[in-house]
Number of protein chains: 2
Amino acid sequence: MTDVARIRGVLSPIVTPFDGDLRPDAERLVAHARWLLDNDVGLAVFGTNSEANSLSVAEKRALLDHLVEAGLPPSRMMPGTGCCSFSDSVELTTHAVKLGCAGVLMLPPFYYKVVTDEGLYRNFAEIIERVGDERLRIYLYHIPPVAQVGISLGLIERLLSAYGGTIAGVKDSSGDWDNTQAMLEQFQSEEFDVFPGAESFLLAALRAGGAGCISATANVNPGPIARLASSWESSDADDQQAALNAVRAVFQNYVVIPGLKAAIAHFGGDPAWGVVRPPLVELQPDERAGLIQRLEALGFSMPGLPGSA
Amino acid sequence: MTDVARIRGVLSPIVTPFDGDLRPDAERLVAHARWLLDNDVGLAVFGTNSEANSLSVAEKRALLDHLVEAGLPPSRMMPGTGCCSFSDSVELTTHAVKLGCAGVLMLPPFYYKVVTDEGLYRNFAEIIERVGDERLRIYLYHIPPVAQVGISLGLIERLLSAYGGTIAGVKDSSGDWDNTQAMLEQFQSEEFDVFPGAESFLLAALRAGGAGCISATANVNPGPIARLASSWESSDADDQQAALNAVRAVFQNYVVIPGLKAAIAHFGGDPAWGVVRPPLVELQPDERAGLIQRLEALGFSMPGLPGSA
């Protein structure tokens, strides 16, 4: 294996802006991505909170091209490339590798529910064999509350055994710390990076050898989350974690994607950010007002956000 | 509204054959489709049992083109065109309408689980508006055991009110007869065709004003299922239904798609039919042997199946 710099720390499943006709808005995406990078947060483009599964493969390819052409570093990108059809996953993954992305975040195929680890193994194996590129780094995406189809410890073990080096880690969005801890313990001797899917587990993960976190809230609170990742051994780490949790708790009162977009729209003074694609629905005016009120009560702000005064 | 012939009776979510490299096998698909049509079974291509969600949009477009170019009648086709991304759904639906398909079977977007009827309504409305074709006939696809996201009675009512004529019916694969009956009763005054998603409800549905059924088992037992649909008022209808149920019960011992393909491979003498795409796995030898033994014990056969002696 070549000695490539691994992508670690805090990443954000960056929310995808749309124009009034519901087309992806590449310019706003680039501006938001720059702001996240300026705050030491990497780009997990096309995650669940990016409405990635409301975008076609062609739309995702075009957006990724745009980010790279705008000069953003692929070494800080981990695009989501796992689709229901492995032919789609192969196309998108190949494209990401060619662009030099640090890794890809890969959902299992999530339509069919009666699937076995053998079937999931074959899906990932087909993708790896067909992409056929030594540079490929796959981060498995375990998010049973949404995908319903999960990534078991046994599946990880089998994939690591066959494709060690290519299988580079996991994002654990189970919300179950016991599961994250089991992943950290079972694969600690491997080159296998465990990212919990929420900053609420960031400190615990870093203390247990985790790689960082990939969290929706990093779209709106990147600086403080990244600061904890870089200063987790300092004496105020638990206080930092508590402050992150307080912000996260506000967003948990709302459907997360419209809530994140409403906050960006408000603090950036840019209402266009509020648009979501169906089947999601934007926050209603009273919900928006409640969200902002709760955030302001915490003294929350988004310093330097594009569009903000 | 123009007076177009509606697609009714028995349809099959036709299984998709793959070659050894897991590419769709258009020739075998055409041959199987012809056999179904010869048995009075229409073509719900790209249904759940077609492994439609393991195919890319481009693969589905190419297969549909191939079926039509082979001379099969689009008036007997109801392709599945509902994807997670409405941009994909629009592309595939537009293509199906241009080819003259009788209708399309439309899943709701199924990745995001916290969705409202308002969000689902917007998804279908966007698709209808963007396809923008008077010929479009949508059959909503309610399959909560797999998609998890369902189609409520309230959503149907709202869609019918805004897009009556375009919203032409529903496939109810809930497996819950009470739900099918509620659909039949609530929308009986509308031009709205209810297809249960299994032939086990065929007789009950026809007696209650249903349009037929769309059933996986019609891939292997098309003649007898179609015969009940055309003779459901005859005195032996209940006996016919019981015989259909006995065949269906055999398949229910196995994961359905590999089971159907194993039966076609066996009775057609064409082992290539056994191939499935990941995340599915073909039946194991002992499972195949058990399936065939159970079917033969019932005197089951597939007369005229392509490839069979």
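As a starting point, this report considers the structure included with it. (Residues numbered from 1 in each chain as written. Chains lettered and ligands numbered in written order. Predicted model: local features only at pLDDT ≥ 70, side-chain atom pairs only at ≥ 80, totals over all residues. Heavy atoms only, no water.)

### A word on the overall build of chain A
Here is step 1 of the chain: Counting its secondary structure elements, chain A contains twelve helices and seven strands.
Here is step 2 of the chain: Computed over its C-alpha atoms, the radius of gyration of chain A comes to 18 Å, within 12% of the 19 Å expected for a compact globule of 309 residues.
Here is step 3 of the chain: Taken along the three principal axes of its C-alpha coordinates, chain A extends 50 × 50 × 40 Å.
Here is step 4 of the chain: Looking at chain A as a whole, 60% of its 309 residues are labelled buried.
Here is step 5 of the chain: Across chain A, the fraction of contacts at a sequence separation of at least 24, relative to all contacts at a separation of at least 6, is 75%.
Here is step 6 of the chain: With an accessible surface of roughly 11,300 Å², chain A has 48% of that area assigned to carbon and sulfur atoms.
Here is step 7 of the chain: Separation of charge centres in chain A, based on 23 positive and 37 negative side chains, amounts to 3 Å. (Helix = DSSP H or I, 4+ residues; strand = E, 2+ residues; numbered from the N terminus. Rg over C-alpha atoms; globule rule 2.2 N^0.38 Å. Buried < 20%, exposed > 50% of the residue type's maximum accessible area, 1.4 Å probe, protein only. Contact = heavy atoms within 4.5 Å. Areas by Shrake-Rupley, 256 points an atom, 1.4 Å probe, with all protein chains shown as cover. Lys, Arg positive; Asp, Glu negative; His and termini not counted. Charge placed at Lys NZ, Arg CZ, Asp CG, Glu CD.)

### Here we look at the side chain of B:Asn49
All names here are of chain B.
Here is step 1 of the chain: When you line up the elements, asparagine 49 lands in the loop between β2 (41-43) and α2 (57-69).
Here is step 2 of the chain: We classify asparagine 49 as buried; its relative accessible area is 11%.
Here is step 3 of the chain: For asparagine 49, the residues in contact, after removing those within four places along its chain, are Pro13, Ile14, Val15, Ala216, Val256 and Ile257.

### Description of helix α6 (residues 153-163) of chain B
Residues and elements named next belong to chain B.
Here is step 1 of the chain: Turning to α6, its buried residues are Leu155, Ile156, Leu159, Leu160 and Tyr163. Projected down its long axis, α6 carries its buried residues within an arc of 130°, all on one side.
Here is step 2 of the chain: On its buried face, α6 is in contact with α4 (117-131), β4 (138-142), β5 (167-172) and α7 (177-186).
Here is step 3 of the chain: Phi turns positive, to about 95°, at glycine 165, one or two residues after α6. (Arc of directions from axis to C-beta.)

### Here we look at the relation of the copies chain B and chain A
Here is step 1 of the chain: At an RMSD of 0.0 Å, chain B and chain A line up after a rotation of 180° and a shift of 0.0 Å along the axis. The operation mapping one copy onto its partner corresponds to a two-fold rotation axis. When C-alpha positions in chain B are compared against the rotation axis, the closest is assigned to B:Tyr111, at 4.0 Å.
Here is step 2 of the chain: Of all interface residues in chain B, 100% are interface residues in chain A too; the two copies therefore contact each other through one and the same surface. (Least-squares fit on C-alpha atoms with pLDDT ≥ 70 in both.)

### Considerations on the pattern of salt bridges
Here is step 1 of the chain: Scanning the entire structure with this criterion turns up 38 salt bridges over all chains.
Here is step 2 of the chain: When the shortest N-O distance is used, the salt bridge between B:Glu282 and A:Arg122 registers 2.8 Å. Here A:Arg122 lies in helix α4 (residues 117-131) and B:Glu282 lies in the loop between α11 (256-267) and α12 (285-297), a pairing that spans two chains.
Here is step 3 of the chain: Judged by relative accessible area, B:Glu282 falls into the partly exposed class, the value being 27%.
Here is step 4 of the chain: A salt bridge links B:Arg158 to B:Glu118, with the nearest nitrogen and oxygen atoms 2.7 Å apart. Within this pair, whereas B:Arg158 is found in helix α6, its partner B:Glu118 is found in helix α4, the two being separated by 40 residues in sequence. (Salt bridge = Lys/Arg side-chain N within 4 Å of Asp/Glu carboxyl O.)

### Regarding the interface of chain B and chain A
Here is step 1 of the chain: In this complex, chain B contributes 45 residues to the contact, which on the side of chain A involves 45 residues.
Here is step 2 of the chain: For the pair chain B and chain A, the two sides together bury roughly 3,500 Å², of which 61% comes from carbon and sulfur.
Here is step 3 of the chain: A per-residue breakdown of the area chain B buries against chain A is headed by B:Tyr111, B:Tyr112 and B:Pro279, which together make up 23% of the total.
Here is step 4 of the chain: For the interface between chain B and chain A, the tally reads four salt bridges.
Here is step 5 of the chain: Here B:Arg130 makes a salt bridge to A:Asp21, at a shortest N to O gap of 3.5 Å.
Here is step 6 of the chain: Connecting chain B to chain A are 24 residue pairs in polar contact (both at pLDDT 80 or more).
Here is step 7 of the chain: Elements with a minimum of two residues in the side of chain B that touches chain A: α3 (86-98), α4 and α5 (144-147) of chain B.
Here is step 8 of the chain: Here the side of chain B that touches chain A is composed, by residue class, of 23 nonpolar, eleven polar and eleven charged. (Buried area = accessible area lost by both parts, 1.4 Å probe. Polar contact = N/O pair within 3.5 Å; in protein donor to acceptor, adjacent residues only side chain to side chain. Nonpolar A, V, L, I, M, F, W, Y, C, P; charged D, E, K, R; others polar.)

### Some details on the nonpolar core
Here is step 1 of the chain: The biggest cluster of nonpolar side chains holds 134 residues, and the ones touching the most others in it are A:Tyr111, B:Leu43, B:Tyr111, B:Leu140, B:Ile167, B:Leu291 and B:Leu295.
Here is step 2 of the chain: When residues no more than four places from it in sequence are discounted, the contact partners of B:Leu140 are B:Leu105, B:Met106, B:Phe124, B:Ile151, B:Ile156, B:Leu159, B:Ile167, B:Gly169, B:Val170 and B:Lys171.
Here is step 3 of the chain: If you look at the next biggest cluster of nonpolar residues, it comprises 87 residues, including A:Phe18, A:Ile225, A:Ala229 and A:Leu295. (Core = buried A, V, L, I, M, F, W, Y, C linked by side-chain atoms within 4.5 Å.)

### Considerations on the sheet that holds strand β5 (residues 167-172) of chain A
Residues and elements named next belong to chain A.
Here is step 1 of the chain: Taking strand neighbours across the sheet as the criterion, the four strands line up as β3-β4-β5-β6 in an open arrangement whose pairing is parallel. The outermost strands of the open sheet, each flanked by one partner alone, are β3 (104-106) and β6 (193-196). Neighbour-to-neighbour, the strand axes of this sheet turn through a mean angle of 25°, independent of strand direction.
Here is step 2 of the chain: Relative to β6, β5 is paired through four bridges, and the arrangement is parallel. From the neighbouring strand, glycine 169 faces β6, where its bridge partner is aspartate 193. (Pairing = 2+ DSSP bridges. Axes fitted to C-alpha atoms, helices over the stretch in contact; angles between N-to-C directions.)

### What about the pairing of β5(B)?
On a regular strand, each side chain points to the face opposite its neighbour's, so the side chains alternate between the two faces of the sheet.
All names here are of chain B.
Here is step 1 of the chain: Burial analysis of β5 places six of its six residues in the buried class, the great majority of the element.
Here is step 2 of the chain: When β4 meets β5, the two strands line up parallel, connected through five bridges. In the strand pairing of β5, leucine 140 is matched with valine 170.
Here is step 3 of the chain: For the crossover that starts at β5, traverses α7 and ends in the parallel strand β6 (residues 193-196), the hand is right-handed. (Right-handed = clockwise from strand over helix to strand, strands pointing away.)

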